[in-house]
Amino acid sequence: KEELIAEIGASALVNYCGLETDDSFKNNTAYIQSWLKALKDDKKLIVSASGKADKAVTMILDEQTAEQADDEE
């Protein structure tokens, strides 16, 4: 489950930073598709993993914003 959370979070960060390429998108999609059986078996897994990934991404971006603010002072 932690790998799925990490992959969703990494995909979101790559997209947010504008670093996503066709190849990286295809790789992320293929990896997440490998989770389809687990996702079909546990309907709550994608909701839980996405929520945790969102929290991690928010924390990372908030930390980055705080560091930039400190650098500007």
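Structure: above.
Here the structure is a predicted model, which is why all the values come from computation and not from measurement.

With eight residues, the main nonpolar core is built from Leu4, Ile5, Ile8, Trp35, Leu39, Leu45, Ala49 and Ala53. Looking at this core, the elements with two or more residues in it are helix H1 (2-16) and helix H4 (45-72). If sequence neighbours within four positions are ignored, leucine 45 has contacts with Lys1, Leu4, Trp35, Ala38 and Leu39.

By secondary structure assignment, the location of serine 34 is in the loop between helix H2 (22-33) and helix H3 (36-41). With a relative accessible area of 54%, serine 34 lands in the exposed category. Serine 34 sits 30 residues away from leucine 4 along the chain, and the two C-alpha atoms are 9.9 Å apart.

With respect to the element layout, asparagine 28 can be found in helix H2. With a relative accessible area of 13%, asparagine 28 lands in the buried category. Here the side chain of asparagine 28 touches serine 11 through a polar contact of 3.3 Å, side chain to side chain. Those residues in contact with asparagine 28, other than ones at most four positions away along the chain, are Glu7 and Ser11.

Here is what the cut-offs are and how they apply
- Residues numbered from 1 in each chain as written.
- Predicted model: local features only at pLDDT ≥ 70, side-chain atom pairs only at ≥ 80, totals over all residues.
- Heavy atoms only, no water.
- Core = buried A, V, L, I, M, F, W, Y, C linked by side-chain atoms within 4.5 Å.
- Buried < 20%, exposed > 50% of the residue type's maximum accessible area, 1.4 Å probe, protein only.
- Helix = DSSP H or I, 4+ residues; strand = E, 2+ residues; numbered from the N terminus.
- Contact = heavy atoms within 4.5 Å.
- Polar contact = N/O pair within 3.5 Å; in protein donor to acceptor, adjacent residues only side chain to side chain.

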